[in-house]
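Secondary and tertiary structure notes
So you can see what is in the structure, the chains are spelled out below.
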Amino acid sequence: MTEPRNAAIYARISSDPTGQALGISRQLEDCRRLAHERGWTVAEEYVDNDISAYSGKSRPAYHRMVSDIQAGARDAVIVYNLDRLTRRPVELEQFVEVCEGAGLRQLATVTADVDLGNDDGLFMARIFAAFAAKESGRKSERLRRKARQNAEAGKPGGGPNRPFGYEADKITVNPVEAELIQQIVRRVLAGESIRSIATWLDAERIPTSAGAEWRTSTVRMILKSPRIAGLRSHLGEVVGPAIWDPIITVEQRQQLLNVLAAKIATGRRTPRSYLLSGMLRCGKCGGRLFSSPREFERRYVCLSGPDHRGCGGVTVTAPPVEEWIAAAVLYRLDTPQMGDTLTGRLANDARHSELLEQLDRDQAKLTELAEMWADGEISRAEWKAAREPLDHRIKTTDRQLSQITGTTALEGIVGHGQELRERWDEMNLERQAAIVAAVLDHAVINPAVVKGGKFNPNRIVPVWNL
Ligand SMILES: [Zn+2]
């Protein structure tokens, strides 16, 4: 075998709580020495810095090396140890396949040599890979145990965020924020709403610990967190006293939980009572209009405040807008171009079922991941990391699906505007809303030029989705 003239060195650093990780420089040094001893010429050094090869995160340098091998630009690979190269048996198989395809046979490690061109070498490599995979699994088990021990000892958890009320060490009480928390707790126990608290904090220009504006969910999270009562929780359960000082008492916390639970019980969701819920936008700020009844009057309103963040500048009485939009939708259903659109939409059906299949596959993968986590095959962090790209794709697919309004929503309504108009008042609100949503993407409502007076339909700018 001739001496390789275009060898690759691959090094990777991963987190290691035991502090025994081999630094990149040490790995590179040993690999270079090996190349020198063998008389191999190194063409490029590839270095990745990742937390764990198991997390599913991409390793850009590794992928660059693989494509260089595929292109025939590399004739040997040197790594410190096989567990630097791959962590999963399947990854090794893919790597071996690429090497075979490119005719690369020499894989040297500082600890052992692997000749990919013979069965014994391959066998050894597979054993190494299987072993490395097991090690990686053990490592996450170690991390899990460590997190649990930390929690039971009352020490703060990892996580990048500073909790409101405490300094960055998550132990020292921040006196200003602590006093705010005590004040908020008193006010909520006295019956003040979370919404009003959030509005007040913003008005006082007090930022969250992340420097952001307040949402009711943020206030609620702080109030519900065991931490402010000096308790440590782990995976959603209180496991004991914490090493930091409490800001409120455990008794106050109990009262608070009772009050918050009572609030949830009364805040039940009401059934749809507005035809155009979610379909109207503010002509001043572009935000969504929300149904907001006033005595005897149904209205759509641009709401300002912590949960809506609208401009508060547009209000419209509901009935005339609903009548106008319904009439426009029904008229539109009978126009000739609607018939053409329906024909065009049928062609979209193939794409539609393709997307549905994609969605099914991704959701099956999510289930599989959850099972792997439940079986202890992967850690929570690994589960989360693997889930992210799937979640992202599911969201994208969902969006694409909603853009291709399936013909099902239109069948039986296109060309039937006249009949539907006659039956309109007998239909329930859900059915009416479905018909409107099949045709209308949204409508912009512009502010009234003259306050009061008769409703001016020119304020409505419909945006049709077909
Ligand atoms: Zn607005």
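Residues numbered from 1 in each chain as written. Predicted model: local features only at pLDDT ≥ 70, side-chain atom pairs only at ≥ 80, totals over all residues. Heavy atoms only, no water.

An unreviewed UniProt entry annotates the chain as DNA invertase Pin-like site-specific DNA recombinase of Glaciibacter psychrotolerans.

Now for the coordination of the zinc ion. Bound to the zinc ion are the protein donor atoms C282 (SG), C285 (SG), C302 (SG) and C311 (SG), situated 2.3 to 2.4 Å from the metal. Here the zinc ion binds 4 donor atoms, and the angle range of 102 to 115° at the metal identifies the geometry as tetrahedral. The sequence pattern describing where the donors of the zinc ion fall on their chain is C-x2-C-x16-C-x8-C. Note that C285 is positioned in the loop between β8 (280-282) and β9 (290-291) and C302 in the loop between β10 (299-301) and β11 (315-317), a separation of 17 residues in sequence. According to the relative accessible area criterion, C285 is partly exposed, its value standing at 39%. By relative accessible area, C302 is classed as buried at 2%. (Donors = N, O, S within 2.8 Å, 3.2 Å for Na, K, Ca; no water. Tetrahedral: all angles 85-135°; square planar, octahedral: opposite > 155°, others 65-115°. Helix = DSSP H or I, 4+ residues; strand = E, 2+ residues; numbered from the N terminus. Buried < 20%, exposed > 50% of the residue type's maximum accessible area, 1.4 Å probe, protein only.)

A few words on the nonpolar core. Grouped together as the largest cluster of nonpolar side chains are 33 residues, with contacts concentrated most on L276, I325, L333 and V436. Listing elements by their share of this core, those giving two or more residues are β8, α10 (318-333), α14 (429-439) and β12 (440-445). The element that contributes the greatest number of residues to this core is α10, accounting for 7 residues. Filtering out sequence-adjacent residues up to four positions away, I325 remains in contact with L276, V436, L440, A443 and I460. Within the second largest apolar cluster, 27 residues are counted, among which are Y166, I184, V188 and I194. (Core = buried A, V, L, I, M, F, W, Y, C linked by side-chain atoms within 4.5 Å. Contact = heavy atoms within 4.5 Å.)

Once that is clear, we can look at the packing of aromatic side chains. What the rule picks out here adds up to 5 aromatic pairs. Centre to centre, the rings of Y166 and W244 are 6.4 Å apart; their planes meet at 70°, and the pair counts as edge-to-face. You can see Y166 sitting in the loop between α5 (119-152) and α6 (175-189) and its partner W244 sitting in the loop between β7 (237-241) and α9 (250-266), a full 78 residues away along the chain. In this structure Y166 comes out as buried when scored by relative accessible area, which is 0%. Directly above the ring of W40 sits R38, whose terminal nitrogen or CZ lies 5.7 Å from the centroid. (Phe/Tyr/Trp six-rings, centres within 6.5 Å; stacked < 30°, edge-to-face > 60°. Lys NZ or Arg CZ within 6 Å of the ring centre and 35° of its normal.)

This paragraph deals with helix α1 (residues 24-38). The end-to-end C-alpha distance of α1, which contains 15 residues, comes to 21 Å, matching closely the 21 Å that a straight helix rising 1.5 Å per residue would cover. Taken together, the buried residues of α1 touch β1 (7-13), β2 (42-49), β3 (76-79), α3 (82-85) and β4 (106-109). Looking one or two residues beyond α1, the residue adopting positive phi is G39, at roughly 75°. (Expected span 1.5 Å × (residues − 1).)

Sheet architecture is open: 3 strands sit in the order β8-β12-β13, paired in mixed fashion. The open sheet is flanked by β8 and β13 (460-464), the only strands paired with a single partner. Strand-to-strand, the axes of this sheet are offset by a mean angle of 25°, without reference to chain direction. Relative to β13, β12 is paired through 5 bridges, and the arrangement is antiparallel. Within the sheet, the bridge partner assigned to A443 lies in β13 and is P462. Across the sheet, α10 is in contact with β8, β12 and β13; its angle to β13 comes to roughly 35°. Docked against the sheet, α14 engages β12 and β13, running at close to 90° with respect to β12. (Pairing = 2+ DSSP bridges. Axes fitted to C-alpha atoms, helices over the stretch in contact; angles between N-to-C directions.)

Looking now at a negative patch on the surface. Where like charges cluster on the molecular surface, the negative patch consists of E368, E371, D375 and E377. Tracing the backbone shows E371 in helix α11 (residues 336-374). Judged by its relative accessible area of 48%, E371 is partly exposed. (Patch = residues over 30% accessible without salt bridge, like charges linked within 9 Å, V, L, I, M, F, W, Y side chains within 5 Å. Areas by Shrake-Rupley, 256 points an atom, 1.4 Å probe, with all protein chains shown as cover. Salt bridge = Lys/Arg side-chain N within 4 Å of Asp/Glu carboxyl O. Lys, Arg positive; Asp, Glu negative; His and termini not counted. Charge placed at Lys NZ, Arg CZ, Asp CG, Glu CD.)

On to the confidence of the model for the chain. A residue-level look at the chain finds 81% of positions with pLDDT of 70 or above and a mean pLDDT of 80. Mean pLDDT across the secondary structure elements of the chain bottoms out at strand β5 (residues 113-115), with 64, and peaks at β8, with 95. Overall, residues 16-21 carries pLDDT values under 50, and its contacts beyond four positions in sequence, including any with other chains, amount to 4 contacts. (pLDDT = per-residue confidence, 0-100.)

The next subject is the sheet that holds β10. If you walk across this open sheet you meet the 3 strands as β9-β10-β11, and the pairing is antiparallel. Each end of this open sheet is capped by a strand with a single partner; those strands are β9 and β11. Direction of pairing for β10 relative to β11: antiparallel, over a ladder of 3 bridges. Residue pairing in the sheet places V301 in a bridge with T315 of β11. Sheet strands touched by α10: β10 and β11. Its angle to β11, the strand with the most contacts, is close to 75°.

Positive phi, close to 65°, is recorded for K170, a residue that is not glycine. If you trace the backbone, K170 turns up in the loop between α5 and α6. Note on K170: relative accessible area 11%, which makes it buried. Of note in the backbone geometry, R309 takes a positive phi value of approximately 60° without being a glycine. Secondary-structure assignment places R309 in the loop between β10 and β11.

Sheet topology note: the strand β6 (residues 231-234)/β7 ladder contains 4 bridges and is antiparallel. Following the sheet pairing, L231 is matched in β7 by P241.

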